[in-house]
Structure formats: structure tokens, C-alpha cells
Amino acid sequence: MRATLGNMLRNWVRATALPCAALAVRLASSTVAAAAEAAESAAPAAPAAPAPAAAPSAPAAPAAPASARSSSLAAPRAGIVRLERAGRRIGFGVVLRSDGRILTALSALGSGNHVQARFADDHLLGVKVVETDRTWDLALLAPEGGFWTEGLRASSVDPTAEGVKLRRFGGRGREVSDSAISVKARQVLLGRDGANLEDALVLGTTVAEDELGSPICDEAGDVVALVGQACDPANRQDCRMSSFGIPVSAIKQFLRAAPPREPLPAAWLGFRGVPGHSGTVGGVRVIAVDAGSPAERAGLRAPSGKGGDESADLVVAVNDTPVATPDELRDTINRIALSGAGRSAAAPAPPTPAPPAGAPPTDASPPEPTVRLLVYGAGRFRELNLPLRAPVTIPAAP
């Protein structure tokens, strides 16, 4: 585990020159082309053909403007996600490179339930909270049912140094935009649990609550801070939370204490649940169903506005194995998916007659594996057959 954590941190905090813009979806080729043009302009020009001594030499080509390198910062970032609850944005987050999990501000999550992450290609995945730090207002989220292959990394730039240019990525609409931001100083602030925050970054701009968790990047596009909330210790008795920059040093300390990334589940059904009961019936209460998922197509019901939690289905068993917690549900489905037992979970199909002699061969691919859920809802039991789908890897390979 220590080696895993070490690899995660080294991958994320290694300072190199790869810009944040190179993480944008499907922009890798344009980034390489821009680098080639820059290299060509930097190479010495070939010697000119001999000319009369009196002829003036050709003027050198003008250097590319300094803003050209940073102009791509306005492009949406593949490593930045919008966090949503019930379709409404509640904040932003940063995907950790080589890890796939999402770093955000704890204060953006509220209760932490029913949160989804919308990625740069508009994929929407549910997330679960795996680690929090109330002192520094940090939370680590794990996407469920998918793995995002691109992410951001930490910067080695001192955000308070003179002449440093910083950009904050966030935005009020669906698109991720960037704007200039400054760090005025390092200061001791007061965290939510009353602890002092050493070396907190005082921002020159106030950030809205639905933009908490947004990253602040240097000119290379690497993260120098994450926007969180704290208050001035001078107003300890009347603490009013305001935005500040969570420095890389605090983020590194937080990630050292975080659990290692769990492997993706062997199968994905597209719903999340919590332990629950309906009278004497116990199981996993469905709290959210992903759009377009096998669970939605099978008719699994999440809480409705009128009935609340009691209107949601209760998953009692999987392939006749009782389940009482989300962990038991996940482990049972993984065992079925890995063993191939799901191919016989549904009712067997009637035998197919042999093709006549000389007929072309037919598709003999095995049937799609499924699991059979025993569900209790609206006062009765019913069975649902759900196909076992592999978790997605996004963005998809071109």
C-alpha cells in the first residue's frame, strides 16, 4: 500500500513541462503540431545563398508573441470535472493524473450524497466519497462505473512569487472557462474544525460557492492550488467562510493519508444504494439510478419526490444470495461476473436446431451475462434481470 501511495504522489506532483492544455480531449495532435512549429522557429535558419556584399541581410523573423503559449489555457480542460446534484452544479473537481480519482473542496459537497461528476466529454458518472479533511476543506472522490484516463498534476511554482501568472478554471455555464487570478499572500487562516491553516493562500478574488473545488494553474497548466473555504482567525467568534487557495503542500499531505485507489468493479449495473429496510425486509435501498444504465432499462426505481426513500426499490438478493449492504452487493456481483455464472442466471433459451447441410455458419457468440435481482418495492417482490456491463474507460480511444 505504501508503494501504491508513493507512486500515486510521485505521478501527480512530478513537475514537468507538459501543459494542462495537452489534457484536453482530442487535442493531443494539435499540441504536438504546435510544439513542432515552436521547435522549427527556434532552430537556426539555414545559411542563405551568397549575395553581393552591399546587399542588406534579410531581417530575422519576429519571435512568436509570449501570449501564444498561454492562449491555449482558455480551452476546456479534460482533467477538470463539474460536480452536480440533481442536475445542478455544486462545484468543480480535478482528476488526479495516473489515479483517476477526483480532488475537490469538501464544502462543495454538502451532504455528500447523490453527487455526480460530469467529465469533459459530457460523460456523467456517480461518485462516492473515499476520504475527507475538514481542516483543509478537502475531499477525494472515486467515480463509480468508469475510469477517466486523463488528469492534472501539481506545480512546483511558488504562487506568491513576483511575476507569476495564474489562471483559475471554473465558469458559470456548462463549459469550463479560465480567468486571471492573483495570490496576495500566505496567511494563517481558520479551518472548519477550528484548527489553524498554515500557509493558506489569500486570493485576490472572491470565488462563488458553486465554483469551490476549481483549480488554480500556473502558465504551464499545472495546479498550484485548489479553491476551498476558511475564515479569518481574527473573527473566530463570528467566523464567516470565504474562499482561499489550498496549497499543494496541504494537498500532498492529504493524499498521503488517503487510501489507495480500488480496482474498478468487474461489472457495472448503474445504480447506487445504502443499507435499508421496509418493515421486516432488509436489503440495499436504491438512492440513485444512472441514466441509460442497465438498472434504468430494467425499471429499478430510485426515490421519487413524493414518496421519498420509501418509494425507492430495495434490492434483497442477487442470484438468490441475500445482500444487506452496498459492499455485499458489489462483491456478489463481482464474483458472478468473474466466474461467468451470470450466463446461466436468466432462464435458459430453447435449444437451437442444427442448420441444414451447406448453410452458412451462424453467430455462435455466448449470450450476454446477466444477474437476477430480487427487489422489494411498492409492497411486493419482483425479479429483474440486468445485463452485466463492463465499467467504461473514458475518454474512449480514438
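Residues numbered from 1 in each chain as written. Predicted model: local features only at pLDDT ≥ 70, side-chain atom pairs only at ≥ 80, totals over all residues. Heavy atoms only, no water.

J.: Tell me about the pattern of salt bridges, residues and numbers included.
T.: Applying the stated criterion across every chain yields a total of 17 salt bridges. Residue Arg118 pairs with Glu84 through a salt bridge whose shortest N-O separation is 2.6 Å. You can see Arg118 sitting in strand β4 (residues 115–118) and its partner Glu84 sitting in strand β1 (residues 80–85), a full 34 residues away along the chain. One salt bridge connects Arg330 with Asp327, and the closest N-O pair in it is separated by 3.4 Å. Taken together, the positions of Arg330 and Asp327, both in helix α6 (residues 326–339) and three residues apart, correspond to about one turn of that helix. On the accessibility criterion, Asp327 (45% relative accessible area) is partly exposed. (Salt bridge = Lys/Arg side-chain N within 4 Å of Asp/Glu carboxyl O. Helix = DSSP H or I, 4+ residues; strand = E, 2+ residues; numbered from the N terminus. Buried < 20%, exposed > 50% of the residue type's maximum accessible area, 1.4 Å probe, protein only.)

J.: Which residues make up the nonpolar core, and what values do they have?
T.: Core analysis: the biggest nonpolar cluster contains 25 residues, and Trp136, Leu138, Phe244 and Ile246 have the highest contact counts within it. Where this core is concerned, the elements lending two or more residues are β2 (88–95), β6 (138–143), β11 (196–203), β13 (223–230), β14 (242–247) and α4 (248–257). The element best represented in this core is α4, accounting for four residues. (Core = buried A, V, L, I, M, F, W, Y, C linked by side-chain atoms within 4.5 Å.)

J.: Quick one: what's the story with the packing of aromatic side chains, residue by residue and with numbers?
T.: Note on aromatic pairs: each is described by the distance of the centres and the angle between the planes. Counted according to the given criterion, the structure contains three aromatic pairs. On the numbers, 6.2 Å between centres and 35 degrees between planes, the contact of Trp136 with Phe244 is tilted. A residue pair is termed long-range when its members are at least 10 positions apart, and Trp136 in the loop between β5 (124–133) and β6 and Phe244 in strand β14 qualify at 108 residues. Exposure class is identical for Trp136 and Phe244. Each is buried. Taken together, a centroid distance of 4.8 Å and an interplanar angle of 55 degrees make the contact between Tyr376 and Phe381 tilted. (Phe/Tyr/Trp six-rings, centres within 6.5 Å; stacked < 30°, edge-to-face > 60°.)

J.: So, the pairing of strand β20 (residues 380–387): which residues are in play, and what are the values?
T.: Across eight bridges, the pairing between strand β19 (residues 370–377) and β20 is antiparallel. Each bridged residue has a counterpart across the sheet, and for Gly377 the counterpart in β20 is Arg380. Linking two consecutive strands that pair antiparallel, namely β19 and β20, is a turn of two residues; a positive phi of about 55 degrees is found at Ala378 within it. (Pairing = 2+ DSSP bridges.)

J.: Describe α6, and please don't skip the residues or the numbers.
T.: It helps to recall that an α-helix has 3.6 residues per turn; residues three or four apart then point in one direction. Here α6 spans 20 Å end to end across 14 residues, near enough to the 20 Å set by a 1.5 Å rise per residue. In the core, the buried residues of α6 are packed alongside β15 (271–278), β16 (281–289), β17 (314–318), β18 (321–322) and β19. Within two residues after α6, Gly340 carries a phi angle of roughly 80 degrees, on the positive side. (Expected span 1.5 Å × (residues − 1). Contact = heavy atoms within 4.5 Å.)

J.: Before we move on, could you go through the sheet that holds β2 and cite the residues and values that matter?
T.: With antiparallel pairing, six strands are arranged side by side around a closed barrel as β1-β2-β3-β6-β5-β4. On average, each strand axis in the sheet is inclined to that of its neighbour by 45 degrees, with strand direction left out of account. Here β1 pairs with β4 via four bridges, running antiparallel. Paired with Arg85 across the bridge in β4 is Val115. α4 rests against β3 (102–105), β5 and β6 of the sheet, and its axis sits at about 50 degrees to β6. (Axes fitted to C-alpha atoms, helices over the stretch in contact; angles between N-to-C directions.)

J.: So what's going on with the confidence of the model for the protein? Residues and values would help.
T.: Confidence along the protein averages 78 in pLDDT terms, with 72% of residues attaining 70 or more. Confidence drops under pLDDT 50 across residues 1–5; counting only partners more than four residues distant or on other chains, this segment forms seven contacts. (pLDDT = per-residue confidence, 0-100.)

J.: Explain the environment of Trp268 to me, using residue names and the numbers behind them.
T.: Tracing the sequence through the fold places Trp268 in the loop between α4 and β15. The class of Trp268 is buried, set by a relative accessible area of 18%.

J.: I'd like a description of unusual backbone geometry, backed by residues and values.
T.: Despite not being glycine, Ala86 has its phi angle at roughly 55 degrees, a positive value. With respect to the secondary-structure elements, Ala86 resides in the loop between β1 and β2.

J.: An account of α4 is requested, with residue identities and associated values reported.
T.: Restricting attention to buried positions, one finds in α4 the residues Val248, Ala250, Ile251, Phe254 and Leu255. Looking down the long axis of α4, one finds its buried residues gathered within 155 degrees of arc, a one-sided arrangement. Residues of α4 that are exposed and point over 90 degrees away from its buried face: Gln253 and Ala257. (Arc of directions from axis to C-beta.)

J.: Any chance you could break down the environment of Phe147 for me, citing the residues and the numbers?
T.: Examined against the element boundaries, Phe147 turns out to sit in strand β7 (residues 146–148). Along the backbone, Phe147 and Val392 are 245 residues apart, and their C-alpha atoms lie at a distance of 6.5 Å.

J.: Describe in detail the environment of Ile80, supporting the description with residues and values.
T.: Positionally, Ile80 belongs in strand β1. Relative accessible area serves as the criterion here: at 2%, Ile80 is assigned to the buried category. Between the C-alpha atom of Ile80 and that of Gly213, which follows or precedes it by 133 residues, the distance is 9.8 Å. Those residues in contact with Ile80, other than ones at most four positions away along the chain, are Phe92, Gly93, Ala120, Leu152, Phe169, Val176 and Pro215.

J.: Quick one: what's the story with the side chain of Thr104, residue by residue and with numbers?
T.: Along the chain, Thr104 turns up in strand β3. Polar contacts involving the side chain of Thr104 include one to the main-chain carbonyl oxygen of Phe92, which spans 2.6 Å. Residues in contact with Thr104, not counting those within four places in the same chain, are Leu83, Phe92, Gly93, Leu109, Asp137, Leu138, Ala139, Leu141, Leu212, Gly213 and Leu226. (Polar contact = N/O pair within 3.5 Å; in protein donor to acceptor, adjacent residues only side chain to side chain.)

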